[in-house]
Amino acid sequence: MLKLLGAACVLGAGGWAWRRGAAERRRELDTLADVIALLGRMEEEIRLRRTSLPRLLASLGRDRGPEVRRFCAAVAASLERAAPLGESWRSAAEDLPLGAADRSALAALGELLQGDEESICKGISLTSHRLAKSLEEARDSRAEREKRAGALWLSGAALLVILLI
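Residues numbered from 1 in each chain as written. Predicted model: local features only at pLDDT ≥ 70, side-chain atom pairs only at ≥ 80, totals over all residues. Heavy atoms only, no water.

**A few points about the overall build of the chain**
Stage number 1. Looking only at helices and strands, the chain features 6 helices and 0 strands.
Stage number 2. Secondary structure elements in the chain, listed N-terminal to C-terminal, are α-α-α-α-α-α.
Stage number 3. In terms of C-alpha radius of gyration, the chain reaches 21 Å, well past the compact-globule figure of 15 Å for 165 residues.
Stage number 4. On the principal axes, the C-alpha backbone points of the chain span a range of 70 × 30 × 25 Å.
Stage number 5. Taken over 165 residues, the chain has a buried fraction of 39%. (Helix = DSSP H or I, 4+ residues; strand = E, 2+ residues; numbered from the N terminus. Rg over C-alpha atoms; globule rule 2.2 N^0.38 Å. Buried < 20%, exposed > 50% of the residue type's maximum accessible area, 1.4 Å probe, protein only.)

What follows is the structure, encoded as structure tokens:
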């Protein structure tokens, strides 16, 4: 009886680890979609209203998820302390739960946000396009990755149960 209980615990832990990994991947996709929406809205606001960046980030961040809200608040607070824009943007982007390529593309945008309106909007558009392409690829491969991760965790847990019994 004790062995069965132990086997159930090991299998349950494998299932829990798989679900936790799936939740992390889902969080990354949600954050990436939220950042893309933020950049689109930011580009519109810069073109149409010419709002200053600290005020713009503070207002746009309120409508987003928790990760993007923290990102916007961190950049706005850093800009209010008179820190350089590129450095503020880059350090805040490093804290987002994104893949390395997506984080570096977003961090590079900080340098492109300096200059005239046209160059800023081009930089935002380029970064948004890169991130959208990455999001599309991630969504396309999501089902296959979930299946592989599930098989890996559950078969590993099953192997451990067999070895323990």
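**Quick notes on the packing of helix 1 (residues 2-48) against helix 3 (residues 66-80)**
Stage number 1. Here helix 1 crosses helix 3 at 50°, and the two axes come no closer than 8 Å. With respect to helix 3, the axis of helix 1 lies oblique. Handedness of the helix 1/helix 3 crossing: right-handed. Note on element contacts: helix 3 touches helix 1 through Glu67, Val68, Phe71 and Cys72, opposite Arg27, Thr31, Asp34, Val35 and Leu38. (Axes fitted to C-alpha atoms, helices over the stretch in contact; angles between N-to-C directions. Parallel < 35°, antiparallel > 145°, perpendicular 65-115°, else oblique. Left-handed = near helix turned anticlockwise from the far one by under 90°. Contact = heavy atoms within 4.5 Å.)

**Some thoughts on the packing of aromatic side chains**
Stage number 1. Scanning all chains against the criterion turns up 1 aromatic pair.
Stage number 2. A ring pair is formed by Phe71 and Trp89, whose centres lie 4.9 Å apart and whose planes are at 85°; its orientation type is edge-to-face. Of this pair, Phe71 sits in helix 3 while Trp89 sits in helix 4 (residues 85-93), and the two are 18 residues apart along the sequence.
Stage number 3. Judged by its relative accessible area of 0%, Trp89 falls in the buried class. (Phe/Tyr/Trp six-rings, centres within 6.5 Å; stacked < 30°, edge-to-face > 60°.)

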